[in-house]
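Analysis of the macromolecular model
So the chains spell out like this:
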Amino acid sequence: MRLILLGPPGAGKGTQAQRLVEKHGIPQLSTGDMLRAAVKAETEVGKRAKAVMDAGELVSDEIVNAIVAERIDQDDCARGFILDGYPRTLVQADAVADMLAERGMFLDVVIELVVDDKALVGRILKRAEEARAAGQPVRKDDNAEVFDERLREYYKKTAPLIGYYYANDLLQQVDGMAAMDDVTAQIEEIIAATLR
Ligand code: AP5
């Protein structure tokens, strides 16, 4: 199974991806996590991405497409994967379609977490607060100012993918404002129907 979780920052993509990993035994490919790991390791990619991420903007298509192309060739992706936070632009959407076609693979479904934008900043600030309280590092982009820019980037560059995948008959939507377990149940229903 190969699926994309689509939604604005704080929509719950990472939370739901982790639950899918546990249930279905396929890996979560989060470009955000991969980029943060590169920043931490101070690789060339990390150095190029850091300032852009801290400002809440999108890293270049060229960088993220290369990261994903390399990742999906690893053995653990043979049975499928969950794309979390990728693709995020129309160029990335075309790139992943080409990547999969070249490997004789296809996407099963794209699941959009439909949320109320006004609630999102609250989730992000709560996450930052919880990390701080636990003595863990707080994401540099988890504050109200950078969040505004992340949301703007989403509407400028990522929201057009909703139409793109609708037109490709791949889009399914869930209520991302429901409780986490309810969101998971909605996603599982879609997966069951898709694989039937
Ligand atoms: P990335 O790491 O992908 O961050 P994001 O998309 O902004 O998303 P978040 O991780 O903040 O939110 P999420 O939707 O995963 O929600 P989560 O489950 O964590 O990207 C970071 C940056 O990297 C980008 O800004 C960009 O610079 C760069 N980047 C990454 N991918 C890129 C790409 N493809 N192209 C270019 N640049 C790229 O939940 C958030 C909080 O809400 C949690 O505390 C959670 O507990 C809570 N929560 C979740 N679900 C619920 C619920 N149903 N009810 C109540 N609370 C909930």
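That block above? That's the structure.
Definitions and cut-offs
Residues numbered from 1 in each chain as written. Predicted model: local features only at pLDDT ≥ 70, side-chain atom pairs only at ≥ 80, totals over all residues. Heavy atoms only, no water. Near = heavy atom within 4 Å. Polar contact = N/O pair within 3.5 Å; in protein donor to acceptor, adjacent residues only side chain to side chain. Areas by Shrake-Rupley, 256 points an atom, 1.4 Å probe, with all protein chains shown as cover. Helix = DSSP H or I, 4+ residues; strand = E, 2+ residues; numbered from the N terminus. Pairing = 2+ DSSP bridges. Axes fitted to C-alpha atoms, helices over the stretch in contact; angles between N-to-C directions. Core = buried A, V, L, I, M, F, W, Y, C linked by side-chain atoms within 4.5 Å. Buried < 20%, exposed > 50% of the residue type's maximum accessible area, 1.4 Å probe, protein only. Contact = heavy atoms within 4.5 Å. Arc of directions from axis to C-beta. Phe/Tyr/Trp six-rings, centres within 6.5 Å; stacked < 30°, edge-to-face > 60°. Lys NZ or Arg CZ within 6 Å of the ring centre and 35° of its normal.

**Details of the site of the ligand**
In the vicinity of the ligand, 30 residues are found, and the nearest of them are T15, E57, R88, R127 and R150. Separating an oxygen atom of the ligand from a side-chain N or O atom of R139 is a distance of 3.0 Å. The separation between an oxygen atom of the ligand and a polar side-chain atom of R150 is 2.7 Å. Computed on the free molecule, the ligand has an accessible area of 1,000 Å², of which 88% lies beneath the protein chains in the complex. For the shell around the ligand, the secondary structure elements donating two or more residues are α1 (13–24), α2 (31–40) and α6 (117–133).

**Description of the sheet that holds strand β2 (residues 28–30)**
An order of β2-β3-β1-β4-β5 is seen for the 5 strands of this open sheet, with the pairing classed as parallel. Looking at which strands have only one partner, the edges of the open sheet turn out to be β2 and β5 (171–175). Pairwise comparison of adjacent strand axes, ignoring direction, gives a mean angle of 25 degrees for this sheet. Bridge count for strand β1 (residues 2–6) against strand β4 (residues 109–114) is 4 bridges, and the pairing is parallel.

**Quick notes on the nonpolar core**
In globular proteins that are soluble, nonpolar side chains generally tend to be buried together. Formed by 30 residues in total, the largest nonpolar core has its most connected members in L35, L83, Y86, V110 and Y165. Among the secondary structure elements, those contributing two or more residues to this core are β1, α2, α3 (44–54), α4 (61–71), β3 (81–84), α5 (90–102) and α8 (160–167). At 5 residues, the largest contribution of residues to this core is made by α5. If near-sequence neighbours (up to four positions away) are discounted, V110 is found in contact with I4, L6, Y165, L170, L171 and Q172. Counting 21 residues, the second largest nonpolar core, distinct from the first, contains M1, V109, F147 and L151.

**Examining α8**
All buried positions along α8 are accounted for by L161, Y164 and Y165. Seen end-on, α8 carries its buried residues on one side only, within an arc spanning 90 degrees. When the buried face of α8 is taken as reference, the exposed residues oriented beyond 90 degrees from it are Y166 and A167. The inward-facing, buried residues of α8 abut β1, α5, β4, α7 (144–158) and β5. A positive phi of about 60 degrees marks D169, the residue just after α8.

**What to know about the pairing of β3**
The two faces of a sheet get side chains in turn, since along a regular strand they alternate between them. Burial along β3 is two-sided: F81 and L83 facing one way and I82 and D84 facing the other are all buried. With 4 bridges connecting them, β1 and β3 associate as parallel partners. Among the inter-strand pairings, I4 is bridged to a residue of β3, identified as L83.

**Digging into the packing of aromatic side chains**
Overall, the coordinates contain 2 aromatic pairs when judged by the stated rule. Considering the side-chain rings of Y154 and Y155, the 5.2 Å spacing of their centres and the 85 degrees angle between planes classify their relative orientation as edge-to-face. Classification of Y154 by relative accessible area gives buried; the value is 6%. Ring geometry for Y164 versus Y165: centroids 4.8 Å apart, planes at 85 degrees, classification edge-to-face. By relative accessible area, which is 2% here, Y165 ends up buried. Positioned above the aromatic ring of F106 is the side chain of R2, whose terminal nitrogen or guanidinium carbon lies 5.8 Å from the ring centre.

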